[in-house]
Amino acid sequence: MVDWLRSIAGRIAAPLRADPENSGFRLSSPETGTTTIDGDVGWASRPPAIVLCGRCGSDVSHRSPHDDIDCARCTATFGYDEFPDLELRYFRCPVCGSKMEHGHRHPHTIKIPEWATCHGCRYHWEFKHEY
């Protein structure tokens, strides 16, 4: 009977034991409803973006949010402040390089994406604003 109870208790406790391979989860913003391993907050730490060139329609990589946007195909140049006017195709995860899901929480107030989540490595980015 004691061995049986010990085996049941072991199976119940197994999922609750610490995993040495895991760096530890932390909860992200309550509005996202996800758990993340790593993340950043603020426009300055925004993940690299792929935007659509307003002139030729090709994909343009925009690594830093404060750099100008230069199309390599047609040599069009857009100022960093024109980012909201260009079509955002996707964000690229700075950790694993996957495409990130992104969205708005206040679409009629803020013109830029307010969050992005990588479903591959659980990296999460948030635009810093008051809730």
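Residues numbered from 1 in each chain as written. Predicted model: local features only at pLDDT ≥ 70, side-chain atom pairs only at ≥ 80, totals over all residues. Heavy atoms only, no water.

**Concerning the packing of aromatic side chains**
A full pass over the atoms with the stated rule returns 4 aromatic pairs. Ring centres 5.5 Å apart and planes at 70 degrees place the aromatic pair Trp 43 and Phe 83 in the edge-to-face group. Highlighted residues: Trp 43 in the loop between strand S3 (38–41) and strand S4 (49–52) and Phe 83 in the loop between strand S7 (77–78) and strand S8 (87–92), separated in sequence by 40 residues. Residue Trp 43 is classed as buried on the basis of its relative accessible area, which comes to 18%. By relative accessible area, which is 4% here, Phe 83 ends up buried. Among the aromatic residues, those joined into a ring-pair cluster are Trp 43, Phe 83, Phe 91, Trp 125 and Phe 127. A cation over a ring is seen here: Arg 46 above Trp 43, with NZ or CZ 5.2 Å from the ring centre. (Phe/Tyr/Trp six-rings, centres within 6.5 Å; stacked < 30°, edge-to-face > 60°. Helix = DSSP H or I, 4+ residues; strand = E, 2+ residues; numbered from the N terminus. Buried < 20%, exposed > 50% of the residue type's maximum accessible area, 1.4 Å probe, protein only. Lys NZ or Arg CZ within 6 Å of the ring centre and 35° of its normal.)

**Re the sheet that holds strand S10 (residues 115–117)**
What the 7 strands build is an open sheet, ordered S3-S11-S10-S9-S8-S4-S5; its pairing is mixed. The sheet terminates laterally at S3 and strand S5 (59–62), the two strands that pair on one side only. Across this sheet, the average inter-strand angle for adjacent strands is 25 degrees, counted without regard to direction. Examined bridge by bridge, S4 and S5 share 4 bridges and lie antiparallel to one another. (Pairing = 2+ DSSP bridges. Axes fitted to C-alpha atoms, helices over the stretch in contact; angles between N-to-C directions.)

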